[in-house]
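The primary structure of each chain is shown beneath.
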Amino acid sequence: MRGGGSPIPLSSERSRGLIYQALLAAALAALVAFAWRNAVANMQARGVPTGFGFWNETAGFDVNQSLISFSALSTYGRAFWVGLINTLLVSAIGVALATPLGFALGVARLSRNWLTSRLALIYVEITRNTPLLLQLLFWYNAVLKTLPGPRQSLNLVGLAFLNNRGLYLPRLTFSEGSLWVGAALGAALLGALYLSLRARARRRDGDLRASATLSALALILGLPALAYVVSGRPVGIELAELSGFNLRGGLEIRPEFAALAFGLVIYTAGFIAEIVRAGVLAVALGQSEAAAALGLDRRLALRLVVIPQALRLIGPPLTSQYLNIVKNSSLAVFIGYPDLVLIFAGTVLNQTHAALQVMAITMGVYLAISLAVSFALNLFNARSALQER
């Protein structure tokens, strides 16, 4: 209030607020500029690089697991991409496996079978209440590293072999004509998607028992199999064989990757299970009663009525768990898996001493991945949300 008792004009308050914000922004900019100049001066005084010229320098080290070609003659920039791809690989596998496992455990927690629900409860309590790093070290040191050597590998039905150097699985080999099998598989997947969408439309029209599971499965298995036979069996299987003191051939999954992926899946599934259980319990009881009145048994009511509604509640907290998988994958440094942190923020930083640049790039990558995942899942959540009429 002014001396005359009249209120302060809104424009004056708005101008004052803008001035305060401008002063705060200027103070923050000055603080950042001072910190940057101080850091650059200290780096130059100690001979630490202040630019990104190291990016194209020869790395001089090797990586034991890489999806792209890499050697000691490759550049530090190439090492960055190796670490990033390895991080995205283990994160994608973690999301793909933790989601169905978590959903199954969440539904099991609500089971009327006493043993099933209690076993799911024990799993959830153990995984949620022990540190992830401790679980990773357990799977790596106490489980995988105690396995027998290659000559005494555990033979899994003659197709896979497990030892302290990793898991060896059958690997597909492709020859001329395999493109037709891939095209048939793609067409089968599109056909299965069409059948699924058609069945969903029928359920919306009132036919709650409409399902395309069997027909879609038959299409996915049958069409590629037909193309495989017609094109002359161009896809083969290569098995691992003992050669000297190690196994050769097949698809090798190293212990570091297996321990990290297994630990992330087991740990995150416990949290997803509780999210699923809470989402199902949040659906009004009247929905289950209405489904029973329509003649649906408990399994169909859960699959067709309860879970589709629970997904709207499960989506937002599930996004946080997916982000946690990406960020928790940085614990790979403790078990030797060559992810972005171990390769770029570890080895590259130690060799180049470009701490400011390396850490800025690493933090920016994790920020970009998190924002991309959040954006994609927020779009999905917005589409699945209830719309006001």
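Note: the structure precedes this text.
To start, this report covers the structure provided alongside it. (Residues numbered from 1 in each chain as written. Predicted model: local features only at pLDDT ≥ 70, side-chain atom pairs only at ≥ 80, totals over all residues. Heavy atoms only, no water.)

Things to note about the overall build of the chain
This is how it is decided: In DSSP terms, a helix is any run of H or I states spanning at least four residues, a strand is any run of E spanning at least two, and both are numbered starting from the N terminus. C-alpha atoms define the radius of gyration in this analysis, and the globule rule sets the expected value at 2.2 Å times the number of residues to the power 0.38. When a residue's accessible area, from a 1.4 Å probe over protein chains only, is under 20% of the maximum for its type it is buried; when over 50% it is exposed; and in between it is partly exposed. Here a residue-residue contact requires only that any non-hydrogen atoms of the pair lie within 4.5 Å. Note on areas: Shrake-Rupley with a 1.4 Å probe; residue coverage comes only from the protein chains shown. The positive count covers Lys and Arg only, the negative count covers Asp and Glu only, and His and the chain ends enter neither. Think of each charge as sitting on NZ of Lys, CZ of Arg, CG of Asp or CD of Glu.
Scanning the chain from terminus to terminus reveals eleven helices and eight strands. Relative to its length of 389 residues, the chain is extended, with a C-alpha radius of gyration of 28 Å against a globular reference of 21 Å. Counting only C-alpha atoms, the chain reaches 85 × 70 × 45 Å along its principal axes. Out of the 389 residues in the chain, the part that is buried amounts to 34%. The contacts of the chain with a sequence gap of at least 6 include a subset with a gap of at least 24, amounting to 67%. Of the roughly 23,100 Å² of accessible surface on the chain, 65% is carried by carbon and sulfur atoms. The chain carries 31 positive and 16 negative side-chain charges, and their two centres are separated by 6 Å.

Section: unusual backbone geometry
Positive phi is not limited to glycine here, since arginine 233 has a value of about 50°. Tracing the chain through its elements places arginine 233 in the loop between helix H6 (213-230) and strand S5 (235-238). Despite not being glycine, histidine 353 shows a phi value in the positive range, around 60°. Relative to the helices and strands, histidine 353 resides in the loop between helix H10 (340-352) and helix H11 (355-384).

Quick word on the sheet that holds strand S8 (residues 251-253)
For clarity, the cut-off: Being paired, for any two strands, means DSSP has found at least two bridges between them. With axes taken as lines fitted to C-alpha atoms, and helix axes fitted only over the stretch in contact, angles between N-to-C directions fall between 0 and 180 degrees.
The sheet built from four strands is open, its strands ordered S1-S2-S3-S8 with antiparallel pairing. For this open sheet the edge positions go to strand S1 (154-156) and S8, each flanked by a neighbour on one side alone. Across this sheet, the average inter-strand angle for adjacent strands is 20°, counted without regard to direction. Here S1 pairs with strand S2 (residues 160-163) via three bridges, running antiparallel. For asparagine 155, the partnering residue across the bridge sits in S2 and is phenylalanine 161.

Some words on the nonpolar core
Using the following cut-off: Nonpolar core, defined: a set of buried Ala, Val, Leu, Ile, Met, Phe, Trp, Tyr and Cys residues in which side-chain atoms within 4.5 Å join the residues together.
Grouped together as the largest cluster of nonpolar side chains are 32 residues, with contacts concentrated most on Val90, Leu260, Ile272 and Ile314. Going through the elements one at a time, helix H2 (76-109), helix H4 (132-144), helix H7 (255-282) and helix H9 (298-328) are the ones with two or more residues in this core. With twelve residues, H7 is the largest single contributor of residues to this core. Not counting residues within four places of it along the chain, the set of residues in contact with leucine 260 comprises Val90, Leu136, Ser329, Ala332, Ile335 and Tyr337. Listed in part, the 22 residues of the second largest apolar core include Tyr76, Leu84, Val326 and Ile343.

Observations regarding H6
Short version of the rule: The length a helix should cover is 1.5 Å for every residue beyond the first. What the arc measures is the spread of directions leading from the helix axis to the C-beta atoms.
Taking 1.5 Å of rise per residue, the 18 residues of H6 would be expected to cover 26 Å, and the 26 Å separating its terminal C-alpha atoms lies within 8% of that figure. Within the span of H6, buried status applies to Ala216, Pro224 and Ala227. Around the axis of H6, the buried residues are gathered within 60° of arc, so they sit on the same side. Residues of H6 that are exposed and point more than 90 degrees away from the buried face comprise Leu214, Leu221, Leu226 and Val230. Taken together, the buried residues of H6 touch helix H5 (178-204). At the exit of H6 stands glycine 232, carrying a positive phi of roughly 85°.

Structural notes on the side chain of serine 329
Selection criterion: Counted as a polar contact is a pair of N or O atoms within 3.5 Å, where, for protein atoms, one must be capable of donating a hydrogen and the other of accepting one, and residues adjacent in sequence contribute only when both atoms are in side chains.
Looking at where serine 329 falls in the secondary structure, it is placed in the loop between H9 and H10. A polar atom in the side chain of serine 329 sits 2.5 Å from the backbone oxygen of valine 326. Beyond its immediate sequence surroundings of up to four residues, serine 329 is in contact with Thr87, Val90, Ser91, Leu260, Leu264, Asp339 and Tyr366.

As for the packing of H5 against H6
For clarity, the threshold we go by: Any angle from 65 to 115 degrees is called roughly perpendicular, while one under 35 is roughly parallel, one over 145 is roughly antiparallel, and all others are oblique. Less than a right angle of anticlockwise turn of the near helix away from the far helix marks a crossing as left-handed, whereas a clockwise turn marks it as right-handed. Residue classes follow a fixed rule: Ala, Val, Leu, Ile, Met, Phe, Trp, Tyr, Cys and Pro count as nonpolar, while Asp, Glu, Lys and Arg count as charged, and any other residue, Gly among them, counts as polar.
Relative to each other, H5 and H6 sit at 165°, their axes nearing to 8 Å. By the angle class used here, H5 and H6 are roughly antiparallel. Remark: the crossing between H5 and H6 carries right-handed chirality. In this structure, H5 uses Trp180, Val181, Ala184, Leu185, Ala187, Ala188, Leu189, Gly191, Ala192 and Leu195 to contact H6, whose residues at the interface are Ser215, Ala216, Leu219, Ile220, Leu223, Pro224, Ala227 and Tyr228. Of the residues assigned to the contact of H5 with H6, the class counts are 16 nonpolar, two polar and no charged.

Quick notes on the environment of glutamine 309
Mapped onto the elements of the fold, glutamine 309 is located in helix H9. For glutamine 309, a relative accessible area of 26% corresponds to the partly exposed category. In the structure, glutamine 309 is positioned 22 residues away from glutamine 287 in sequence and 9.4 Å away in space, judged by C-alpha atoms. The residues contacting glutamine 309, other than those within four sequence positions of it, are Val283 and Gln287.

So, the packing of H7 against H9
One way to put it is that H7 packs onto H9 with a least axis distance of 8 Å and a crossing angle of 145°. The hand of the H7/H9 crossing is right-handed. Counting all contacts with H7, which are made through Leu264, Tyr267, Thr268, Phe271, Ile272, Ile275, Val276, Gly279, Val280 and Ala282, the residues of H9 involved are Leu302, Val306, Ala310, Leu313, Ile314, Pro317, Leu318, Gln321, Tyr322, Ile325 and Asn328. Taken together, the residues of the contact of H7 with H9 sort by class into 17 nonpolar, four polar and no charged.

Notes on the layout of surface pockets
Selection criterion: In the cavity and pocket records, a cavity denotes points on a 1 Å grid over the protein atoms alone where a 1.4 Å probe fits but cannot get out, a pocket denotes an open set with protein on both sides within 12 Å along at least 5 of 7 lines, and lining residues are residues with an atom within 4 Å of a point. Grid points are joined across faces, edges and corners, and a volume is the space filled by probe spheres set on the points.
Approximately 420 Å³ is the volume found for the second largest pocket. Lining the second largest pocket are 18 residues, and of these Val280, Ser288, Arg298, Leu302 and Val306 sit closest to its centre. Examining the composition of the lining of the second largest pocket, we find that five residues originate from one element, H9, more than from any other.

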